[in-house]
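# Topology and contacts: notes
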Amino acid sequence: LPLLLEATLLWLASSSHHPFYNGFYYNHIMNDKDNGQEKVVYFNGAKLVVETSKDPIYSSNGANVTLPCRYHYEPDMEAKRKIRIKWSKLRDDYTKEQDVLVAIGKTYIAFGDFRGRAHLRQAGRREASLVVSDVRLQDDGKYRCEVIDGLEDESDVVDLRLQGIVFPYQPPHGQYRLNFHEAERVCQEQGAILATFNQLFQAWSEGLDWCNAGWLADGTVQYPIHLPRKPCGGLHLAPGIRSYGPRHRHLHRFDAFCFSSALKGEVFYVDHQAGMTLEEAKQSCQDAGAEIARVGQLYSAWKFLGLDRCDAGWLADGSVRYPIAKPRANCGPAEPGVRSFGFPNKGRFGVFCYKER
C-alpha cells in the first residue's frame, strides 16, 4: 500500500465513532429566522444515506454470512471522492467498539479475529456489504456500517444472530463458585461462550426456566423464570428474566449461562458392557478417532441434530449426562432436555464422543 493510503486506513481503524453522523459542525445549522427550527445543510448539496437490513441476519457456527449495507445520495449524484468504509462491532458492555474492517476503494484491511475472514462485497454500485467466513460464536452481535465521503459521515447498524442454544453451567465443585472470568473460561472449555442477554431472552422465550443466577457476557447476573415460585424471586413476580444487575467481576460468584451454536461435526455414543471409568471413556473416544464430547457439543447435538439417547455417558468435564429429544418412560421428566447425573466420583458409564466432519 502507498504510505499515505496505509496511514489513512490505520487512522480510520483507530478512530472512535460517535453517534451516527459527523454532523454537528455542518448538518445542524439554525435557520436565519431564528425560530428554533433546524434546517439541514450539506456541503455537496446532497444527503448521504446508509442502509442495512432492519431484520436480524441469522447464521451458525462455521458458516459464511453477508451483512448487507448500501448507500446512496438524496438527490442522486456521483461521489467525487473515493468513499471510505468502516465496519465495527458494538460491544454488549458499551465499551469501545471493535474494529472489523476499513476500506478505501477496493483496498481494505481487516483486524483482529476478523483478519483473513472478512472482506467487502462490492458486487453492485454503492454496495458496502461485509462478508464474514467461518463464523465463530464470538461473532454474534451488532455491527455498524459507516460510510465516509469527505466530511459526510453516515452509518447504520445490522444485527448478526447465531442460531444456538443457551445452557446453565455449574462446575464440579458446586453452585455459585465462579467469578466472571472463571465463568468465561468454563464456557470456553465446554465449547461455548458466555451468553448475551439477547441470547438468554431468546432461550427464555423458548421455555428455559432456571432458578440459579448466572453470569452473562456483559458482566450482569440474571436468570430466566417461567413458573414464578418462592425461591426464584417470589410468587408475586411475573415470568421473565430476573436480574441482579452488574456484579463485581472478581469478588462475586455465581453460575454461568453458556451459549453454543451448531456443530461442525457429530456426537455419538460409545459403550462397553461393563461401562467405563472417565479415563477409559476418554481412551475409547480416541480409539474411535474422536475426542470426548464437551457439554456445549452435547447440547448442540440435542437441539440441532435431534440426538436422543436414554443412556448416561461421560463428558469432558467429568459430568455424566444424556440427551432426550422424545420424552418417554424411564428417561426422566416429561419435557425434552439434557439430563444430568452431576459429577460422580465413581461409577461406570458409556461416553459421548465428538468427531469433526
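As recorded in an unreviewed UniProt entry, the chain goes by HPLN3 protein and comes from Pandion haliaetus. Heading Sequence similarities (unreviewed entry) of the UniProt record for the chain holds this comment: "Belongs to the HAPLN family." Under Subcellular location (unreviewed entry), UniProt gives the following word-for-word description of the chain: "Secreted, Extracellular space, Extracellular matrix".

### Brief notes about the sheet that holds strand 5 (residues 65–67)
The strands making up a sheet associate through backbone hydrogen bonding, with each pair oriented either parallel or antiparallel. With antiparallel pairing, three strands are arranged side by side in an open sheet as 5-11-10. On the outer flanks of this sheet lie strand 5 and strand 10 (118–121), each paired with one strand and no other. For this sheet, the mean inter-axis angle between neighbouring strands, taken without regard to orientation, is 30°. The pairing of strand 10 with strand 11 (residues 129–132) spans four bridges and is classified as antiparallel. Bridge assignment links histidine 119 to a residue of strand 11, and that residue is valine 131.

### A look at the pattern of salt bridges
Per the counting criterion, the structure on display carries 17 salt bridges. With a shortest N-O distance of 3.2 Å, aspartate 134 and lysine 264 are connected by a salt bridge. Linking aspartate 134 in the loop between strand 11 and strand 12 (141–149) with lysine 264 in the loop between strand 19 (255–261) and strand 20 (265–270), this pair joins segments that are 130 residues apart in sequence. Take lysine 264: its relative accessible area is 37%, and that puts it in the partly exposed class. Across the pair arginine 185 and glutamate 189 runs a salt bridge whose closest N-O atoms are separated by 3.7 Å. Of this pair, arginine 185 and glutamate 189 are both found in helix 2 (residues 180–189), four residues apart, which corresponds to roughly one turn of the helix. Look at arginine 185 and you get partly exposed, because its relative accessible area is 43%. Glutamate 189 sits in the partly exposed class, given a relative accessible area of 41%. Through salt bridges with shared partners, one network takes in Lys142, Asp159 and Arg161.

Basis of the calculations
- Residues numbered from 1 in each chain as written.
- Predicted model: local features only at pLDDT ≥ 70, side-chain atom pairs only at ≥ 80, totals over all residues.
- Heavy atoms only, no water.
- UniProt positions renumbered as here; feature names shortened; annotations may be inferred.
- Pairing = 2+ DSSP bridges.
- Helix = DSSP H or I, 4+ residues; strand = E, 2+ residues; numbered from the N terminus.
- Axes fitted to C-alpha atoms, helices over the stretch in contact; angles between N-to-C directions.
- Salt bridge = Lys/Arg side-chain N within 4 Å of Asp/Glu carboxyl O.
- Buried < 20%, exposed > 50% of the residue type's maximum accessible area, 1.4 Å probe, protein only.

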